[in-house]
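This is what each chain is made of:
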Amino acid sequence: MNADRYAKFFIAGFLLIALMAAFRWVLLWRVQWTYMDSDFPYWEQQNDYIRAKSDRQEIIFLGDSRTKAAVNPNGLCENAYNLALGGSTAVEMYYSLKRYLKYHPKPEMVIAAFAEYHYSSDEFFKTRNLYLHYTNLFETIEVLLVTYMDAKRPLHSLRSLRKFNNELLDALKYYLLFPQKYSAACINSNFQREESNRTTYRETVENKGFWVLGGQYTPPP
């Protein structure tokens, strides 16, 4: 009898914890605009744009924050668009272009520019890509496999396999919104960032992906 009671208590406790975790996960997904940092609306806007179907042929710019802040499509030509992202590397831009081509015609021209270390460093892969859920889980696994792949023998050593597994588990924590990854943002924001994030999103749309520093772009007279 006691064993049955303990079993029921354990099951009830487990279900309660699972329900609380599921509720928290759904809640945080639904209120991302209120706690995510200032890079979030730029990445969201770019992702929304490349997934929106269009028959317009464009000149597109790919790159990191330097390209995002330096290339103003409004000052170039009507069919130019800035798809760069702050903290991005060739990895994010590869998936950006891949998605873009799925919903848009072949670009008239593609221009890519990165800081040197963004060609060789994955410093921001977790803090930007995974943190902002830019690549999906399957794309992230693909990136990790390439990272740990030997030319002839993929994951050829126990050490590299263990490292791959650790990286994959860490990526899953971002996708599942683990507290250790997002609690600081929630606390620091006090869930008060929605207005500023929405404003940044709207301004980025109006300026065709351009990262306007210090205010909205004003065309010359």
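Just above sits the structure.
Here's a quick rundown of the structure. (Residues numbered from 1 in each chain as written. Predicted model: local features only at pLDDT ≥ 70, side-chain atom pairs only at ≥ 80, totals over all residues. Heavy atoms only, no water.)

**Details of the pattern of salt bridges**
Moving on, step 1. Here the structure, examined in full by the defined rule, presents seven salt bridges.
Moving on, step 2. For R99, the salt bridge identified is with E139, shortest N-O distance 2.6 Å. Taken together, the positions of R99 in helix 5 (residues 90–103) and E139 in helix 7 (residues 137–147) put the pair 40 residues apart, joining distant regions of the chain.
Moving on, step 3. Residues D170 and K181 are paired through a salt bridge, measuring 2.8 Å at the closest nitrogen-oxygen approach. Residue D170 is located in helix 8 (residues 158–175), and its partner K181 is located in helix 9 (residues 179–189); the two are separated by 11 residues in the primary sequence. The exposure classification of D170 matches that of K181, with both residues buried.
Moving on, step 4. Through salt bridges with shared partners, a single ionic network connects K126, E167, D170 and K181. (Salt bridge = Lys/Arg side-chain N within 4 Å of Asp/Glu carboxyl O. Helix = DSSP H or I, 4+ residues; strand = E, 2+ residues; numbered from the N terminus. Buried < 20%, exposed > 50% of the residue type's maximum accessible area, 1.4 Å probe, protein only.)

**A short note on helix 5**
Each full turn of the α-helix corresponds to 3.6 residues, which orients residues three or four apart in the same direction.
Moving on, step 1. For helix 5, with 14 residues, the first-to-last C-alpha span of 20 Å sits near the 20 Å given by 1.5 Å per residue.
Moving on, step 2. If you check which residues of helix 5 are buried, you get E92, M93, Y95, S96, R99 and Y100. The buried side chains of helix 5 occupy one side of the element, clustering within an arc of 160 degrees when seen end-on.
Moving on, step 3. Tucked inside the fold, the buried residues of helix 5 contact helix 3 (40–50), strand 1 (59–63), helix 6 (125–130) and helix 7. (Expected span 1.5 Å × (residues − 1). Arc of directions from axis to C-beta. Contact = heavy atoms within 4.5 Å.)

**Section: helix 9**
Moving on, step 1. Among the residues making up helix 9, those that are buried are K181, Y182, A185, C186 and S189. The arc that holds every buried residue of helix 9, seen down its axis, measures 100 degrees, which confines them to one face. Across helix 9 from its buried face, at more than 90 degrees, point the exposed residues Q180, I187 and N188.
Moving on, step 2. Backbone geometry just after helix 9 places N190 at a positive phi near 55 degrees.

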